[in-house]
Amino acid sequence: MRYVVQHKKSNYIRFLVIFFSLSVYLYLVSVLVLRYELDYLFPDQILLQIRGNPDEFLEPVSFSSLLEEIHIYLFINLMIFLTLSSINLRTSLPDYLKYTSGSVALFFILLESFSKILVYYGLDTFSLLSFISFLLYISVFFLINSLNIYSFLRGSIR
């Protein structure tokens, strides 16, 4: 990474990193809109989606389907997390900010995923935790991505 960014002809790499960061914004907004449109964003909607509702003819989700969804969610978000963190670790921001933001983002990704398993097993309050951790993970990713763009535009890369 250091060679690529500090190379004489690294302007196109900076363009690609900025373009990637802008596409991460697009991804985060689209995930938020998708969950809202699929009625899977708010705590009561999470409960209905996982547990089902006989009055509306909604069947509960099977455990294997829930694990498959969590697996895909974790894979995509952890790949984005690793990419954003690798860029963020090369910036000249204070170390506590880089490590704290990365740790908090990882914590919220895992918390959002595993709280759905607890909802499946009957703990309704974890649907609220799933909702809050999802919004906080989106917010922390926005912060990390904004810091990356700021650092690249300023040219403060180690």
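Residues numbered from 1 in each chain as written. Predicted model: local features only at pLDDT ≥ 70, side-chain atom pairs only at ≥ 80, totals over all residues. Heavy atoms only, no water.

S.K.: Would you mind showing me how to read the packing of helix α3 (residues 43–51) against helix α6 (residues 126–154) here?
M.R.: How two helices sit against one another is set out by the angle between their axes and by the gap between those axes. At a closest axis distance of 8 Å, the pairing of α3 and α6 adopts a crossing angle of 120°. For the element pair α3 and α6, the recorded crossing hand is right-handed. Contacts between α3 and α6 involve P43, I46 and L47 on the former and, on the latter, S127, L128, S130 and F131. Residue composition of the contact of α3 with α6, grouped by class: five nonpolar, two polar and no charged. (Axes fitted to C-alpha atoms, helices over the stretch in contact; angles between N-to-C directions. Helix = DSSP H or I, 4+ residues; strand = E, 2+ residues; numbered from the N terminus. Left-handed = near helix turned anticlockwise from the far one by under 90°. Contact = heavy atoms within 4.5 Å. Nonpolar A, V, L, I, M, F, W, Y, C, P; charged D, E, K, R; others polar.)

S.K.: Sorry if this is basic, but what is going on with the pattern of salt bridges here?
M.R.: Side chains that differ in sign of charge can pair as their charged atoms come close. Applying the stated criterion to the full structure yields five salt bridges. The salt bridge involving R35 is made with E112; its shortest N-O contact spans 3.0 Å. Of the two residues, R35 sits in helix α2 (residues 11–37) while E112 sits in helix α5 (residues 95–120), which places them 77 residues apart along the sequence. Among the residues examined, R35 registers a relative accessible area of 9% and is labelled buried. (Salt bridge = Lys/Arg side-chain N within 4 Å of Asp/Glu carboxyl O. Buried < 20%, exposed > 50% of the residue type's maximum accessible area, 1.4 Å probe, protein only.)

S.K.: Mind showing me how you'd approach the packing of aromatic side chains here?
M.R.: Two aromatic rings are characterised by how far apart their centres lie and by the angle between their planes. A full pass over the atoms with the stated rule returns 10 aromatic pairs. Where F107 meets F108, the ring centres are 5.6 Å apart and the plane angle is 55°; that geometry is what we call tilted. Through successive ring pairs, a cluster of aromatic residues spans Y73, F134, Y137 and F141. Sitting over the face of the ring of F134, R35 holds its NZ or CZ atom 4.2 Å from the ring centroid. Over the face of the ring belonging to Y73 we find K116, whose NZ or CZ atom lies 5.8 Å from the ring centre. (Phe/Tyr/Trp six-rings, centres within 6.5 Å; stacked < 30°, edge-to-face > 60°. Lys NZ or Arg CZ within 6 Å of the ring centre and 35° of its normal.)

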